[in-house]
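Structural description and commentary
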Amino acid sequence: MAEVRRPSQTLAAAASFFNGERLTMARQLKGLKKSHLATLIEMSPASVTAWESGAKQPNRATVAKLALALQVEPQFFGGGAPPKINKPNFRSLRSTTQVAQDEAEAYGRFVAEITGMLENAVEFPDAFLPDLPIDPDERSMTPEQAAREAREFFGVAPGPVQHVVRLVERNGVVVVFGEPGVAAIDAYSLHSAPRPIIVLNPVKDDYYRQRFDAAHELGHLIMHHDAEPGGKVAEEQANRFAAEFLMPAEEIAPSLPTSTAGKAWAQFAELKEYWGVSLAALLYRARALGTMSDVSYRNAIIRMSQNGWRRAEPGRISSLEMPSLLPRAREVLREAGVDEESFLAGSGLPVGLYEIAASRVPVVGVKS
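Read on for a plain summary of the structure.

Conventions used here
- Residues numbered from 1 in each chain as written.
- Predicted model: local features only at pLDDT ≥ 70, side-chain atom pairs only at ≥ 80, totals over all residues.
- Heavy atoms only, no water.
- Pairing = 2+ DSSP bridges.
- Helix = DSSP H or I, 4+ residues; strand = E, 2+ residues; numbered from the N terminus.
- Axes fitted to C-alpha atoms, helices over the stretch in contact; angles between N-to-C directions.
- Contact = heavy atoms within 4.5 Å.
- Buried < 20%, exposed > 50% of the residue type's maximum accessible area, 1.4 Å probe, protein only.
- Phe/Tyr/Trp six-rings, centres within 6.5 Å; stacked < 30°, edge-to-face > 60°.
- Lys NZ or Arg CZ within 6 Å of the ring centre and 35° of its normal.
- Core = buried A, V, L, I, M, F, W, Y, C linked by side-chain atoms within 4.5 Å.

1. Quick look at the sheet that holds strand 1 (residues 174-177)
- The 3 strands lie next to each other as 1-3-2, forming an open sheet whose pairing is mixed. Two strands close off the open sheet at either side, each with one partner strand: strand 1 and strand 2 (188-190). If you compare each strand with its neighbour and ignore which way they point, the axes differ by 20° on average.
- Taken together, the 3 bridges between strand 2 and strand 3 (residues 197-200) define a ladder with antiparallel strand orientation. Within strand 3, the residue paired with Ser189 across the bridge is Ile198.
- Against the sheet, helix 9 (residues 207-223) touches strand 1, strand 2 and strand 3, its axis set at about 150° to strand 3.

Shown next, in the form of structure tokens:
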């Protein structure tokens, strides 16, 4: 029988092996600034800075205070450095606070760490994406060319991509829903040590837009290893990649209406269901491919606004595409008699956050 550690032993070990980077990760996961954490534990911000940088080590009593304030087990702080990740690809950094960016980045590290732990117990598919770097000037390749090569690489048959999330997961990309604390941030992606990660917005309850988000982030993972996150050029390239990946120009152009007159809206509605994309994406595609004039496009967007479709479009499909890689691994462990608490016991990682990351459906509401 395994030895059960007393709380004093756990605190002693956490203090002895304390890693400042893990304190930073725990603080950012809670969406706290250093000054706020310092207030919660009645210490100085300078002390928090010193612990995070590794200049000083907190004693056992302080480790207990930190664990209580940040809602993690003490052993969380002694688990070694968090996984290394690239800077996440956020849509717009101008509208995203630094605290929210830090929280989203910390969640990415959390997902990477959970993924590594699960891979020790459950076999995952190899991470295998095409490497098609594109610079801002597009000297060697365009996003549209990258999208066509990606469809060929993945063996996508002509026509719509049947399940975007399942396709990227089959190729080793971890797809998760974000945690409620950063629901204001749209979908984002990142390269991590174990494998690439796509984080979907948990409150964007729209099948059609979710598919475009997943394809957009796939574009970043394939094209932008070194691009500046949130850059206008990189974001536009990812949009163009997603449009071509989901709606190949050669296939969709002949069927796109040139305006919204007559039965055109009904035609767009049928195209929406067939290709699995939003009306907004179809209109944008029609203008980009030159089948719809700028005037007709503007009139269509005005009509969508008048009908309230910019916020909630009509559509037949109400359920989202659900991730399965982490959820299935969690289920396999539970079938083997390993529950969440047992799986996370040695790591000190928060169970509530694990349940969010390993869920098939978005978890919204109060942040864990």
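2. Notes on the pairing of strand 1
- Judged by which residues are buried, strand 1 turns out to be covered on both faces: Val174 and Val176 on one side and Val175 and Phe177 on the other are all buried.
- As judged from the 4 bridges shared by strand 1 and strand 3, these two strands associate in the parallel manner. Counted as the bridge partner of Val175 is Ile198 from strand 3.

3. Focus: the packing of aromatic side chains
- Going through the model one piece at a time under the given rule, you end up with 13 aromatic pairs.
- Relative to Tyr208, the ring of Tyr207 has its centre 5.1 Å away and its plane inclined at 85°; by these criteria the two rings are edge-to-face.
- With a relative accessible area of 12%, Tyr207 lands in the buried category.
- Taken together through their ring pairs, the aromatic side chains of Phe128, Phe153, Phe154, Phe241 and Phe245 make up a single cluster.
- Cation over ring: Lys272 sits above Tyr208, and NZ or CZ is 4.3 Å from the ring centre.
- When the ring centre of Tyr297 is taken as origin, the NZ or CZ atom of Arg287, which lies over that ring, is 4.1 Å away.

4. Regarding the nonpolar core
- Core analysis: the biggest nonpolar cluster contains 55 residues, and Phe77, Tyr107, Phe110, Val111, Leu118 and Tyr354 have the highest contact counts within it.
- Excluding residues within four positions of it along the chain, Tyr107 makes contact with Leu29, Val176, Phe177, Gly178, Glu179, Tyr188, Val199, Leu353, Ile356 and Ala357.
- Listed in part, the 52 residues of the second largest apolar core include Leu129, Phe268, Leu282 and Met292.

5. Re the pairing of strand 3
- Residues of strand 3 alternate between two faces, with Ile197 and Val199 on one and Ile198 and Leu200 on the opposite face, all of them buried.
- Hairpin connection, strand 2 to strand 3: the antiparallel pair is bridged by 6 residues.

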